[in-house]
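# What the coordinates show
Listed below, chain by chain, are the residues.
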Amino acid sequence: MLKGRSLLEPMDFSLEELEDIFALAKEIMKEPAKYIHVADGKLLATLFYEPSTRTRFSFEAAMLRLGGQVIGFSEANSSSAAKGESIADTVRTVGCYADLIVMRHPKEGAPRIGAGASDVPMINAGDGGHQHPTQTLTDLLTIQCDKGRLDNLTIGICGDLKFGRTVHSLMKAMSRYKNIRFILISPEELMIPDYVRKEVLEKNNIFFEEVRRLEEAIDRVDVLYMTRVQKERFFNEEDYVRLKDSYILDAEKMEKASKDMIILHPLPRVNEIAVEVDKDPRALYFEQAKKGMFVRMALIMKLLGIEEGSVN
Ligand code: NCD
């Protein structure tokens with residue numbers, strides 16, 4: 001039962017619960033018109049203390065497409081945070097108005113603090129370099145729709161594995177499926193954090209390899225997950241400038257990839273995928289963004305306890 005629960009990290013839900021969300025998302029994708037009134041009278045609050053395009057818009061679009069309404073802010077300066085209000089107090093107050101709260105925050109753990117301050121379900125829409133569970137739902141649904149499975153996969157993850165929260169969430173979520181292998185492609189400075197190495201990979205005996213060059217991995221992966229170098233998490237501009245163009249996936253590199261390999265990217269892209277790759281049928285990142293809205297529609301329905309039986 002997902003009604004009333006919060007989603008702070010992917011492991012908060014069991015594999016069966018995730019499967020239920022994906023099944024509902026697929027139903028909604030088939031016939032979205034059937035769902036346009038299921039959340040009539042419900043209110044979603046979006047508390048975004050950090051910039052966002054896809055995540056905020058896809059949540060807002062998801063709620064509106066279910067018939068619900070949305071309130072919120074998209075920068076901390078326009079909220080009482082600017083006056084020094086604590087996260088707990090803001091969430092406790094917003095919880096008096098809304099049925100569901102979505103929070104993005106630059107500090108790791110902020111949504112968890114918020115979740116403790118109100119009974120209203122809280123969704124973590126990205127906390128610092130830590131986790132981004134709804135991006136992971138989007139990623140898993142995209143992989144499942146294309147590959148027909150979430151097990152027996154070799155996944156290449158390329159770019160900023162140190163600060164990329166989508167990477168940490170994805171690895172954690174994938175660690176529960178059978179026979180997953182990771183090829184981790186990053187510069188030395190942007191390798192996965194120690195806690196991911198120990199608590200996710202080593203603890204679950206997951207096979208992983210770490211390489212420096214995309215060319216060493218591209219012909220061996222089923223899924224290539226590209227990421228941008230997370231400029232906002234660097235302490236100095238110089239390091240960012242040095243590392244930002246470490247990887248650029250272009251048509252020439254794609255020639256070495258298998259015809260079934262798919263490219264995912266949480267977006268926004270900066271330079272890491274050349275625009276010429278967009279027309280390659282294996283480039284699924286915009287399709288992935290679209291699925292993000294449908295999976296959030298399914299998630300909202302589940303957390304609000306909207307029965308699929310109420311759809312007519
Ligand atoms: C990601 C994020 O915010 O972590 N974007 C998103 O939500 N799709 C990835 C990124 O910003 O690089």
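These remarks concern the structure in this document.

How each quantity is defined
Residues numbered from 1 in each chain as written. Predicted model: local features only at pLDDT ≥ 70, side-chain atom pairs only at ≥ 80, totals over all residues. Heavy atoms only, no water. Pairing = 2+ DSSP bridges. Helix = DSSP H or I, 4+ residues; strand = E, 2+ residues; numbered from the N terminus. Axes fitted to C-alpha atoms, helices over the stretch in contact; angles between N-to-C directions. Near = heavy atom within 4 Å. Polar contact = N/O pair within 3.5 Å; in protein donor to acceptor, adjacent residues only side chain to side chain. Areas by Shrake-Rupley, 256 points an atom, 1.4 Å probe, with all protein chains shown as cover. Nonpolar A, V, L, I, M, F, W, Y, C, P; charged D, E, K, R; others polar. Parallel < 35°, antiparallel > 145°, perpendicular 65-115°, else oblique. Left-handed = near helix turned anticlockwise from the far one by under 90°. Contact = heavy atoms within 4.5 Å. Expected span 1.5 Å × (residues − 1). Buried < 20%, exposed > 50% of the residue type's maximum accessible area, 1.4 Å probe, protein only.

## Here's the deal with the sheet that holds strand β6 (residues 180-185)
- Read across the open sheet, the 5 strands follow the order β7-β6-β5-β8-β9; overall the sheet is parallel. The strands lining the two open edges of the sheet, one partner per strand, are β7 (207-211) and β9 (262-264). With strand direction ignored, the average angle separating the axes of adjacent strands in the sheet is 20°.
- Bridge count for strand β5 (residues 153-158) against strand β8 (residues 223-226) is 4 bridges, and the pairing is parallel.

## Topic: the pairing of β7
- Two elements, β6 and β7, share 5 bridges in a ladder whose sense is parallel. Looking at the pairing, arginine 181 lines up with phenylalanine 207 of β7.

## A word on the site of the ligand
- Around the ligand, the structure places Thr55, Arg104, His132, Gln135, Arg165, Thr166, Arg228, Gln230, Pro266, Leu267 and Pro268.
- For the ligand, an oxygen atom lies 2.8 Å from a polar atom in the side chain of threonine 55.
- The separation between an oxygen atom of the ligand and a polar side-chain atom of arginine 104 is 3.0 Å.
- Compared with its free state, where it exposes 310 Å², the ligand has 94% of that area covered by protein.
- Residues belonging to the shell around the ligand are distributed by class as follows: 3 nonpolar, 5 polar and 3 charged.

## Observations regarding the packing of helix α5 (residues 133-147) against helix α6 (residues 165-174)
- Direction vectors running N to C along α5 and α6 enclose 60°, while the axes themselves pass 9 Å from each other. In terms of their interaxial angle, α5 and α6 are classed as oblique. In terms of crossing hand, the pair formed by α5 and α6 is right-handed. Contact residues: Pro133, Gln135, Thr136, Asp139 and Leu140 in α5; Thr166, Ser169, Leu170, Ala173 and Met174 in α6.

## Quick look at the sheet that holds strand β3 (residues 100-105)
- With parallel pairing, 4 strands are arranged side by side in an open sheet as β2-β1-β3-β4. What marks the edges here is a single partner per strand, and that holds for β2 (69-73) and β4 (122-127). Within the sheet, the average angular offset between the axes of one strand and its neighbour, ignoring direction, is 15°.
- As paired elements, β3 and β4 share 4 bridges and run parallel to each other. What sits directly across from isoleucine 101, in β4, is methionine 122.
- Contacting β1 (43-48), β3 and β4, helix α3 (residues 87-94) runs over the sheet at an angle of about 155° to β3.

## A closer look at helix α2 (residues 54-65)
- With 12 residues, α2 ought to run about 16 Å at 1.5 Å a step, and its terminal C-alpha atoms sit 15 Å apart, in line with that.
- For α2, the full list of buried residues reads Thr55, Arg56, Ser58, Phe59, Glu60, Ala62 and Met63.
- Taken together, the buried residues of α2 touch β1, β2, β3, β4, α5 and α10 (285-304).
- Just beyond α2, the residue with positive phi is glycine 67, at close to 95°.

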